[in-house]
Amino acid sequence: TQLLEQSPQFLSIQEGENLTVYCNSSSVFSSLQWYRQEPGEGPVLLVTVVTGGEVKKLKRLTFQFGDARKDSSLHITAAQPGDTGLYLCAGPPGVSNYQLIWGAGTKLIIKP
Amino acid sequence: DVKVTQSSRYLVKRTGEKVFLECVQDMDHENMFWYRQDPGLGLRLIYFSYDVKMKEKGDIPEGYSVSREKKERFSLILESASTNQTSMYLCASSLLGGDIFNQPQHFGDGTRLSIL
């Protein structure tokens, strides 16, 4: 069974600090998606990484897909309270055309 | 703007009741999904559908059924609600076709269901 493990499970930091969260697997994924879920809302897609070693930037957020396509990281520079939320990674298992495997998420709180 | 609408934000039902959760999307998406989300467990797939009247079991289908009579609507049914079905339920949709492994899922805002 393919699994996605996210770490840390919970992170609380002050505004202005930098942070990195991780999404790891022992299996290869053809792509990985990152979502952010704010309280009381559904997850919203932030980015999809497809190529091993790929780096994508979304303002202060930098996403990287590992060379072997087994892991991904999200780095936030100068975190702001608006970055607070649950960050989820998800990827398609090799045999399914429709489903996604989901990590349990990293709950991030940015304190003003 | 794309939209997935779930019929209720909060719902309280009693053990043994039959419960219906409704989801409608306006994006003409082929795929629709029902998940439950519990703290520390992430999103777990209950059922999904890739076409009208088609349904496939996800990881945790026991105690649930679904209905998709129209492309835009996907209903989740708890046949006889139990307390262990208290959870956040999320509906999502996505496109079929093209590079489907990269198709994002669009989510509703969830229904927080409590079974007493």
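Fair warning: this is a prediction, and the values are worked out from it, not measured in the lab.

Q: So what exactly am I meant to see when it comes to the interface of chain B and chain A here?
A: Many structure descriptions define interface size as the accessible area lost when the parts assemble. Every contact between the two is made by 23 residues of chain B and, on the other side, 24 residues of chain A. The interface formed by chain B and chain A holds zero salt bridges in total. Joining chain B to chain A, the criterion identifies five residue pairs in polar contact (both at pLDDT 80 or more). Only strand 4 (31-38) and strand 5 (42-49) of chain B provide two or more residues apiece to the side of chain B that touches chain A. Classifying every residue of the side of chain B that touches chain A gives 13 nonpolar, eight polar and two charged.

Q: Would you mind going over the pairing of strand 6 (residues 55-58) of chain A with me for this structure?
A: Residues in a regular strand project their side chains so that they alternate between the two faces of the sheet. Residues and elements named next belong to chain A. Both strand 6 and strand 7 (residues 61-65) contribute to a ladder of four bridges, which runs antiparallel. Paired with Val 55 across the bridge in strand 7 is Gln 64. In sequence, strand 6 turns back onto strand 7 through a hairpin of two residues, with Lys 59 there showing a positive phi of about 55°.

Q: Got a minute to help me understand the layout of surface pockets in this structure?
A: Empty space among the atoms can be located by rolling a probe the size of a water molecule over them. Each pocket or cavity is described by its volume, and for the largest pocket that value is around 1,100 Å³. Lining the largest pocket are 46 residues; nearest its centre among them are Leu 86 and Ala 104 of chain A together with Gln 37, Asp 38 and Gly 42 of chain B. At the level of secondary structure, the elements contributing two or more residues to the lining of the largest pocket comprise strand 1 (5-7), strand 9 (85-91), strand 10 (101-102) and strand 11 (106-111) of chain A together with strand 4, strand 5 and strand 9 (87-94) of chain B. With four residues, strand 5 of chain B is the largest single contributor of residues to the lining of the largest pocket. Each residue belonging to the lining of the largest pocket can be placed in one class, and the counts come to 20 nonpolar, 16 polar and ten charged.

Q: Help me understand the pattern of salt bridges in this model?
A: When the charged atoms of two side chains with opposite charge come close together, those side chains can pair. All names here are of chain A. Applying the stated criterion across every chain, the model contains nine salt bridges over all chains. Measuring nitrogen to oxygen at the nearest pair gives 2.8 Å for the salt bridge that ties Asp 83 to Arg 60. One end of the pair, Asp 83, is in the loop between strand 8 (71-76) and strand 9; the other, Arg 60, is in the loop between strand 6 and strand 7, with 23 residues separating them in the sequence. Judged by its relative accessible area of 4%, Asp 83 falls in the buried class. Under the relative-accessibility criterion, Arg 60 is labelled partly exposed at 23%.

Q: It is not clear to me how the side chain of Thr 111 of chain B should be interpreted in this structure. Could you clarify?
A: All names here are of chain B. By secondary structure assignment, the location of Thr 111 is in strand 11 (residues 111-115). Look at Thr 111 and you get buried, because its relative accessible area is 1%. Of the polar contacts made by the side chain of Thr 111, one reaches the side chain of Gln 6; its length is 3.4 Å. Within the local environment of Thr 111, its side chain forms a polar contact with the backbone oxygen of Ser 8, the two atoms lying 2.5 Å apart. Aside from chain neighbours lying at most four places away, what touches Thr 111 is Gln 6, Ser 8, Arg 9, Leu 11, Leu 21, Ser 87, Met 88 and Tyr 89.

Q: Explanation requested: the sheet that holds strand 1 of chain A in the structure shown.
A: Backbone-to-backbone hydrogen bonds join strands into a sheet, with any given pair of strands oriented parallel or antiparallel. Residues and elements named next belong to chain A. Pairing is antiparallel across the open sheet formed by five strands, whose spatial order is 1-3-8-7-6. In this open sheet, the two edge strands, each paired with only one partner strand, are strand 1 and strand 6. Averaged over neighbouring strand pairs, the angle between their axes works out to 15° when direction is ignored.

Q: What should I look at first to understand the state of the cysteines in this one?
A: By definition, a disulfide is the covalent link that joins the sulfur atoms of two cysteine residues. A full pass over the atoms with the stated rule returns two disulfides over all chains. At a sulfur-sulfur separation of 2.0 Å, the disulfide partner of Cys 23 of chain A is Cys 89 of chain A. Since a negative S-S torsion denotes a left-handed disulfide, the Cys 23 of chain A-Cys 89 of chain A link at about 80° is right-handed. Of this pair, Cys 23 of chain A sits in strand 3 (residues 19-24) while Cys 89 of chain A sits in strand 9, placing them 66 residues apart in sequence. Note on Cys 23 of chain A: relative accessible area 0%, which makes it buried. Taking the relative accessible area as the measure of exposure, Cys 89 of chain A reaches 0% and is therefore buried. The disulfide partner of Cys 23 of chain B is Cys 91 of chain B, and the gap between their sulfur atoms is 1.9 Å. With the S-S dihedral at roughly -75°, the linkage between Cys 23 of chain B and Cys 91 of chain B falls on the left-handed side.

Q: I would appreciate a short explanation of unusual backbone geometry in the present structure.
A: In terms of backbone geometry, most residues other than glycine have negative phi values and most peptide bonds are trans. Residue Pro 8 of chain A is reached from Ser 7 of chain A by a cis peptide bond, and omega for that bond is -10°. Even without being glycine, Lys 59 of chain A reaches a positive phi, approximately 55°. You can see Lys 59 of chain A is positioned in the loop between strand 6 and strand 7. What makes Lys 59 of chain A exposed here is its relative accessible area of 84%. In this structure, Asp 28 of chain B is a non-glycine residue whose phi angle is positive, near 60°. Within the secondary structure, Asp 28 of chain B sits in the loop between strand 3 (19-25) and strand 4. Exposure remark for Asp 28 of chain B: the relative accessible area of 52% places this residue in the exposed category.

The rules we used
Residues numbered from 1 in each chain as written. Chains lettered and ligands numbered in written order. Predicted model: local features only at pLDDT ≥ 70, side-chain atom pairs only at ≥ 80, totals over all residues. Heavy atoms only, no water. Contact = heavy atoms within 4.5 Å. Salt bridge = Lys/Arg side-chain N within 4 Å of Asp/Glu carboxyl O. Polar contact = N/O pair within 3.5 Å; in protein donor to acceptor, adjacent residues only side chain to side chain. Helix = DSSP H or I, 4+ residues; strand = E, 2+ residues; numbered from the N terminus. Nonpolar A, V, L, I, M, F, W, Y, C, P; charged D, E, K, R; others polar. Pairing = 2+ DSSP bridges. 1 Å grid on protein atoms, 1.4 Å probe; cavity = no way out; pocket = protein on both sides within 12 Å on 5 of 7 lines; lining within 4 Å. Points joined across faces, edges and corners; volume = space filled by probe spheres on them. Buried < 20%, exposed > 50% of the residue type's maximum accessible area, 1.4 Å probe, protein only. Axes fitted to C-alpha atoms, helices over the stretch in contact; angles between N-to-C directions. Disulfide = S-S within 2.5 Å.

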